[in-house]
Amino acid sequence: MNEAPSQNHDDHNEPVPSRRSVLWTAGAAGAGLGLGGLSSGRAVAAAPGPAGSAAAPEAKGKTMIGVPFERRSTVRVGIIGLGNRGGSMIDLFLAMPGVQVVALCDPVKDKTAKATKKVTAAGQPAPAVHTNGDHDFEHLCARGDLDFVYAATPWDRHFEMARTVLLNGKHVDVECPLALRLDQLWELVDLSERTRRHCMQLENCCYGRNEMRVLRMAHAGLFGELLHGAGAYIHDLRGLMFDPKYYEGPWRRLWHTRQRGDLYPNHGFGPVANYMDINRGDRAVRISSVGTPALGLAAYRKEHMPANDPSWKESYIESDRTISLVQTAKGRRRARGAASAQAARCALSPMTTTGFRAGSRARSSACIPDFGTLMQAEVPLPWSMCSQTPPPFDCPSGRAGSSGEAPLTRL
């Protein structure tokens, strides 16, 4: 926590970081944000302990960073959660050669029926279906005919599902966030290392066309050494949060009654973290977050919801806009802003004026001009900025991290 920023910016003499060391330094830095209270149903601010008062748990296995997936002629997939995300992701699985959707799980039978039709329409055998309540996913995970499980459910179910998949000897991909408490993250690291199975949090914005291009540019040295980055996720979700057909429960809106903090940092943080080789030679060690009052959801409710709507019993505490500042072990800084329930007039902010795509909701920058400025200035680049073909993930120009890890362009 009190580690002084390193004055040595040479990556190549540092040991390869493990997920354990990365999680400890970043997790300890964020402990004061109240991670322990995320699932408590109320806002809790955890007081950080004295520096160095806790130690990382003893490792139970070797790191899984850089461990390749085993080759298979057919990858057999199970899907847990067939709502907005899972119900659309199944189309991508079915479009991939060598992938078979073997099993589906969702307590809403209409959703599994719709997904089953997609599988059979793609020419694959009808999948097994698990619809018997909220814990039938355990039976899916125990199946012997699966290699990989994808989970797309409300946030507070992610940890138990990822844990169950790993305990059953399968690889698992989970939508953001992977878990809600620091001890849960440690447990998943331990299980992944012990079972030798990958446990991945999915962050789609890292792999957008423009984000991958900027990653190649950063690794090619076009921007010099990156010292500061900024990103944001600006998305007015209020209409969806009050739509009973979109967020069932309504689980997403209820988080705004439980917790204050940077609840959804992934879209803005992920791409810039890749540009700066976070967890591949540098690591986050400190984070500070500040937020505005919570006004946006109540204003939307007053304007759009009838007086007898159940939402009038809710009190919102999560900030309309949160700004977080992250510092790395090398002294670099990364600013991030988020707004998901702001009034429409607040849909843009100065932080997002440097962006990569007109109309993009997730925007990131690393102290570089936007694409429009680059193209107007006719800066020579190693590939066409306007190409409609995304760059290959195994780009040979990608710079490896410390001690010869695989370049980020291959992740």
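Note that the structure is predicted; figures quoted are calculated from it, not measured. Counting of residues starts from 1 at the beginning of each chain's written sequence and follows it residue by residue. Residues qualify for local features only when their pLDDT is at least 70, as the model is predicted, and side-chain atom pairs are given and counted only at 80 or more; totals for whole chains, interfaces and linings, by contrast, use all residues. The side-chain quantities take in all heavy atoms of the structure and omit both hydrogens and water.

To qualify as a helix, a DSSP run of H or I must reach at least 4 residues; to qualify as a strand, a run of E must reach at least 2; elements of each kind are numbered from the N terminus. Of the regular secondary structure elements, the protein holds 12 helices and 11 strands. To sort residues, take the accessible area from a 1.4 Å probe on protein chains only and compare it with the maximum for the residue type: under 20% means buried, over 50% means exposed, and anything in between is partly exposed. Put simply, the protein has 411 residues, and 47% of those count as buried. For the protein, the computed accessible surface area is about 19,900 Å², with 55% contributed by carbon and sulfur atoms. To be clear on the numbers: accessible area is Shrake-Rupley with a 1.4 Å probe, and residue cover counts the displayed protein chains and nothing else.

By definition, a salt bridge exists where a carboxyl oxygen of Asp or Glu is found within 4 Å of a side-chain nitrogen of Lys or Arg. Here the structure, examined in full by the defined rule, presents 14 salt bridges. Glu 175 is the partner of Arg 85 in a salt bridge, and the nearest nitrogen-oxygen pair spans 3.8 Å. Here Arg 85, found in helix 2 (residues 84-95), pairs with Glu 175, found in the loop between strand 5 (171-174) and helix 6 (182-195); they are 90 residues apart in sequence, far enough to count as distant. The class of Glu 175 is buried, set by a relative accessible area of 12%. We note a salt bridge from Glu 314 to Arg 253, for which the minimum N-O separation is 2.8 Å. Of the two residues, Glu 314 sits in the loop between helix 11 (296-304) and strand 9 (321-328) while Arg 253 sits in helix 9 (residues 251-254), which places them 61 residues apart along the sequence. The exposure class of Arg 253 is buried, given its relative accessible area of 6%. By sharing partners, the salt bridges in this structure join Glu 70, Arg 72, Arg 76 and Asp 147 into a single network.

Ring geometry is summarised as follows: Phe, Tyr and Trp rings, the Trp one being its six-membered ring, pair when their centres sit within 6.5 Å, and such pairs are stacked at plane angles under 30 degrees, edge-to-face over 60 and tilted between the two. Under the definition given, this model contains nine aromatic pairs. Between Trp 155 and Tyr 264 the ring centres are 6.0 Å apart and the planes differ by 20 degrees, which places this aromatic pair in the stacked class. In this pair, Trp 155 is assigned in the loop between strand 4 (148-151) and helix 5 (158-167) and Tyr 264 in the loop between helix 9 and helix 10 (266-275), connecting sequence segments 109 residues apart. Accessibility classification places Trp 155 together with Tyr 264 in one group, the buried group. Connected via pairs of aromatic rings, a cluster forms that spans Trp 155, Tyr 233, Tyr 246, Tyr 247, Trp 251, Trp 255 and Tyr 264. Over the ring of Tyr 264 we find Arg 252, and its NZ or CZ is 4.9 Å from the ring centre. For a lysine, the NZ atom is tested; for an arginine, the CZ atom; a charge sits over a ring if that atom is within 6 Å of the ring centre and within 35 degrees of the ring normal. Here the basic side chain of Arg 301 rests over the ring of Trp 312, its NZ or CZ set 4.6 Å away from the ring centre.

Bringing the layout of surface pockets into the picture now. Both site types are read off a 1 Å grid over the protein atoms alone. A 1.4 Å probe that fits but cannot get out defines a cavity, while an open set with protein on both sides within 12 Å along at least five of seven lines defines a pocket; lining residues have an atom within 4 Å of a point. Grid points are joined across faces, edges and corners, and a volume is the space filled by probe spheres set on the points. Space inside the second largest pocket adds up to approximately 1,100 Å³. If you list the elements that add at least two residues to the lining of the second largest pocket, you get helix 2, helix 5 and helix 9. Ranked by residues supplied to the lining of the second largest pocket, first place goes to helix 2 with three residues. Of the residues belonging to the lining of the second largest pocket, the class tally is 21 nonpolar, 12 polar and 12 charged. Side-chain classes are defined by residue name, with Ala, Val, Leu, Ile, Met, Phe, Trp, Tyr, Cys and Pro counting as nonpolar, Asp, Glu, Lys and Arg as charged, and the others, Gly among them, as polar.

Right, let's get into the environment of His 130. Relative to the helices and strands, His 130 resides in strand 3 (residues 128-130). Relative accessible area serves as the criterion here: at 10%, His 130 is assigned to the buried category. In this structure, the C-alpha to C-alpha distance between His 130 and Leu 140, residues 10 residues apart in sequence, is 6.8 Å. Discounting residues that sit within four places of it in the chain, His 130 has contacts with Ala 103, Leu 104, Cys 105, Asp 106, Asp 136, His 139, Leu 140 and Arg 143. The contact criterion used throughout is that any non-hydrogen atoms of two residues lie within 4.5 Å.

Burial in helix 11 covers these residues: Gly 296, Leu 297, Tyr 300 and Arg 301. Within helix 11, the buried residues cover an arc of 135 degrees as seen down the axis, which keeps them to one side. Among the exposed residues of helix 11, those pointing more than 90 degrees away from its buried face are Lys 302 and Glu 303. Of the surrounding elements, those touching the buried residues of helix 11 are helix 8 (238-241) and helix 9. What the arc covers is the set of directions going from the helix axis to the C-beta atoms.

In terms of nonpolar packing, the biggest core is built from 22 residues, with Ile 80, Leu 140, Val 172, Leu 188 and Cys 199 touching the most fellow members. When residues of this core are traced back to their parent elements, those giving at least two are strand 2 (99-105), helix 4 (137-141), strand 4, helix 5, strand 5 and helix 6. Counting residues per element, this core draws most heavily on helix 5, at five residues. If near-sequence neighbours (up to four positions away) are discounted, Leu 140 is found in contact with Gly 78, Ile 79, Ile 80, Ala 103, Leu 104, Cys 105, His 130, Leu 146 and Val 149. Grouped together as the second largest cluster of nonpolar side chains are 15 residues, Val 77, Leu 94, Val 101 and Ala 152 included. For our purposes a nonpolar core is just a set of buried Ala, Val, Leu, Ile, Met, Phe, Trp, Tyr and Cys residues, chained together by side-chain atoms within 4.5 Å.

Sheet faces and side chains relate simply in a regular strand, where the side chains alternate between the two faces. The buried fraction of strand 2 is high, at six of seven residues. Bridge count for strand 1 (residues 75-80) against strand 2 is six bridges, and the pairing is parallel. Each residue of the ladder has a partner; that of Gly 78, found in strand 2, is Ala 103. Note on handedness: a clockwise path from strand one over the helix to strand two, with the strands aimed away from the viewer, defines a right-handed crossover. Regarding the hand of the β-α-β motif, the stretch spanning strand 1, helix 2 and strand 2 is right-handed. Here the rule is simple: two strands pair whenever DSSP picks up at least two bridges between them. Relative to strand 3, strand 2 runs parallel, the two sharing three bridges. Bridging across to strand 3, Ala 103 finds its partner in Ala 128.

For the structure on display, the rule yields three cavities of 30 Å³ or more. Taken as a whole, the second largest cavity spans an internal volume of roughly 40 Å³. Every residue lining the second largest cavity is listed: Phe 269, Ala 273, Met 276, Ile 278, Ala 284, Val 326, Thr 328 and Arg 334. Those elements that place two or more of their residues in the lining of the second largest cavity are helix 10 and strand 9.

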